[in-house]
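# Observations on the model geometry
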Amino acid sequence: MAEHVRVAVIGSGFGGLGAAVRLRREGITDFVILERAGSVGGTWRDNSYPGCACDVPSHLYSFSFAPNADWPRTFSGQPHIRAYLERVTDTFGLRPHLRFDSEVLQASWDDEAKHWRIRTTQGELTADVVVSATGPLSDPKLPDIPGLDTFPGAVFHSSRWDHDFDIKDKRVAMVGTGASAIQIVPSIQPQVKSLTVLQRTPPWVMPRMDRGINKAERWLHGTVPGTAKARRGLLWLIREFQVGAFVKRPQLMKATEQIAKNHMRRAIKDPVMRAKLTPDYTIGCKRILLSNDYYPALAQPNTEVVTSALKEVRGSTIVTSDGTEREVDAIVFGTGFHVTDMPIGDRITGIGGRSLAEHWKGGMAALRGTTIDGFPNLLLIIGPNTGLGNSSMILMIESSINYVADYLRTLERTGAAALDAKPAAVRAWNAEMQRRTARTVWNTGGCKSWYLDSEGRNTTAWPGTTAEFRRATRALKPAEYDLVPAPVRTTEPVEPVEVPAS
C-alpha cells in the first residue's frame, strides 16, 4: 500500500520551504517535501552561473519569520542566498520531511478516494492536499535552432551552467540580454578571448546600488533586531510607492528612463553603440535590470554586440538572422524559462482526468493566484498573476502561504475532504486581473515579454501592491468554493456462519 500523507509539497525553493515552515507552525507534521534534485534551494540551487546574484535588496529578499542579520552585501549573491535556505531548512526542522531525487512524474486526483495519487521517481504516495511550489523559473527554455545538435563545442543554458567547461581564452556566444545575461557578460568578459552578445531586444539597465554591509551594521541588526525590521520596512515602503507608475500611470516611467540613459552614456561613449543599446519601449515593460558593469563590459575590445537573433548553427559557426557569422567555442543560452506554459501542467490531472495544461489552454488562471476549479485540494505558490516587476517575491510567497494555512483550517473546520474553487469565482478573479493588467506598463509599454502569453494575455504579473495581495489572501472566502464531502465508507455484508450444535 502506498504511503499516505496529509500534505505533499512539490519543490524546495523559497515557496516550498516557506510552506513547510508554515505547516509545522500550524501543527501539521504529516507532510513531505518532494524535491527532484539532491538539495534544497530551487532556482538558487540551479542558477550557479558566474556573477549570479539577486536584484532585490537582501533584507527584503528573505522570510519575515527568518531574518538574517549577516547578509554580506545589500544585494546578495547566489551562494549566500542558497546558504540562507539551507539554514532555514535546519532551523525549522525540515530535513525529516525532505524527499530528495523525487521528481513528480504524475499527480492525479482520485475522485473516488478524494485524495491525490502521486507518482515520483522514488515511488508512489497519496496525499489529501498538494501544494505545488515548483516556481515559474524552474524549467529553462531553449530555442529550436537548426544545426545546434551538431555544434562541436559546449552548449548550455545559464541555469544549467557547465562548470567543467573552462571558459578561459575561449570564443563565446551569449544568446540573450536578460537578467542572467547581464550578470554573466561582465563576469566572463575578462577571461574569454572573444564574446559575441546576440541581442534581439536591448534591456533597460539601471545603476545597481550595491555595497558591502559592514560589521557594525551586521552587529547592530543582530543585537537590536528592530533595526533590521525597520530597514526591511523602509525597503518595502519605497517599492510600494513605485507600484502606481507600473500599474496605473506608465507615463511616469519617463523620468526613470532618463536615469537609465544617463547610466548608459557614462559607460558607452560611441553614439552608434548607444543607439544599438537603447530600447524603443517604455521602461518596465520588460524586467528592469540592475548592473554597474554590464555596459563597461560591452565597451571592451573583445566584446561585440550583434543586434540579431540566432538563426542557425553550421559546425562551429553561429549564423544570425541578419547574416552575421562568427566562429565560437561555446554557446550560452540566457533565453529564460517556461513561465506561461509551466511544464508541470502536463503532469497534474484533476477531476475527469483533465490535465492542468489542457485546462489552461485559454490562459493560466487561478483564484487569488492559488486554486483552480476542477483541481480540488491543489494549491499553487507563485501561481498566475502573482509575479512582480519591482519588489520581492518573498512577500507574495508569504501571502500565498497565509492562504494555504487558512485553506487547511477550513478543511478541518468543515470536515470536508476537499475544497474545489467554483468556476465562476475563478472566472471573476481572472477577469479582474485581465481588466487591471490592461493598463499596466507590461501591457501598454510596446514590448514582447515573458509577462505575456502567446495570445498576449498577462497571466503573470500582479497589478497592485504587495499589501493589497496580502489582504486578498488573508482568509479564504467559503462562498468561492464547493465543499467536497468525505467518501462514504461502506463495509461488505458478512455471510452468516453456522455454528454446529454442541
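Here goes a summary of the coordinates provided. Please read these numbers as outputs of a predicted model, since none were measured by experiment. (Residues numbered from 1 in each chain as written. Predicted model: local features only at pLDDT ≥ 70, side-chain atom pairs only at ≥ 80, totals over all residues. Heavy atoms only, no water.)

### Overview of the overall build of the protein
Heads up, the rule is: The secondary structure listing takes helices from DSSP runs of H or I that are at least 4 residues long and strands from runs of E that are at least 2 residues long, numbered from the N terminus. We take the radius of gyration over the C-alpha atoms and set the globule estimate at 2.2 Å times the residue count to the 0.38 power. Think of it in three bands: with a 1.4 Å probe and only protein chains considered, a residue is buried below 20% of the maximum accessible area for its type, exposed above 50%, and partly exposed in between. The Shrake-Rupley method, run with a 1.4 Å probe, gives the accessible areas here. Residue values count only the displayed protein chains as cover. For the charge count, each Lys or Arg is scored as positive and each Asp or Glu as negative, with His and the chain ends excluded. Charged groups are reduced to one reference atom each: NZ for lysine, CZ for arginine, CG for aspartic acid, CD for glutamic acid.
Helix and strand counts for the protein stand at 14 helices and 20 strands. Relative to a compact globule of 502 residues, whose C-alpha radius of gyration would be 23 Å, the protein shows 25 Å and is just as compact. Per-residue burial over the protein gives 54% buried out of 502 residues. Per element, the accessible surface of the protein, about 22,500 Å² overall, is 53% carbon and sulfur. For the protein, the separation between the mean place of its 61 positive charges and that of its 53 negative charges on side chains is 10 Å.

### So, the state of the cysteines
Operational definition: Two cysteine sulfur atoms form a disulfide, by the criterion used here, when they sit within 2.5 Å.
The full count for this structure, using the stated rule, is one disulfide. In this model, C285 is linked to C447 through a disulfide, with the two sulfur atoms separated by 2.0 Å. The S-S bond linking C285 to C447 shows a torsion near -95 degrees; that makes this disulfide left-handed. On the criterion of sequence distance, the pair formed by C285 in the loop between α8 (271-277) and β11 (289-290) and C447 in the loop between α13 (441-444) and α14 (466-472) is long-range, its members being 162 residues apart. This pair shows no difference in class: C285 is buried, exactly as C447 is. Lacking any disulfide linkage, C52 is separated from the closest cysteine sulfur, that of C54, by 8.8 Å. Look at C54 and you get buried, because its relative accessible area is 4%.

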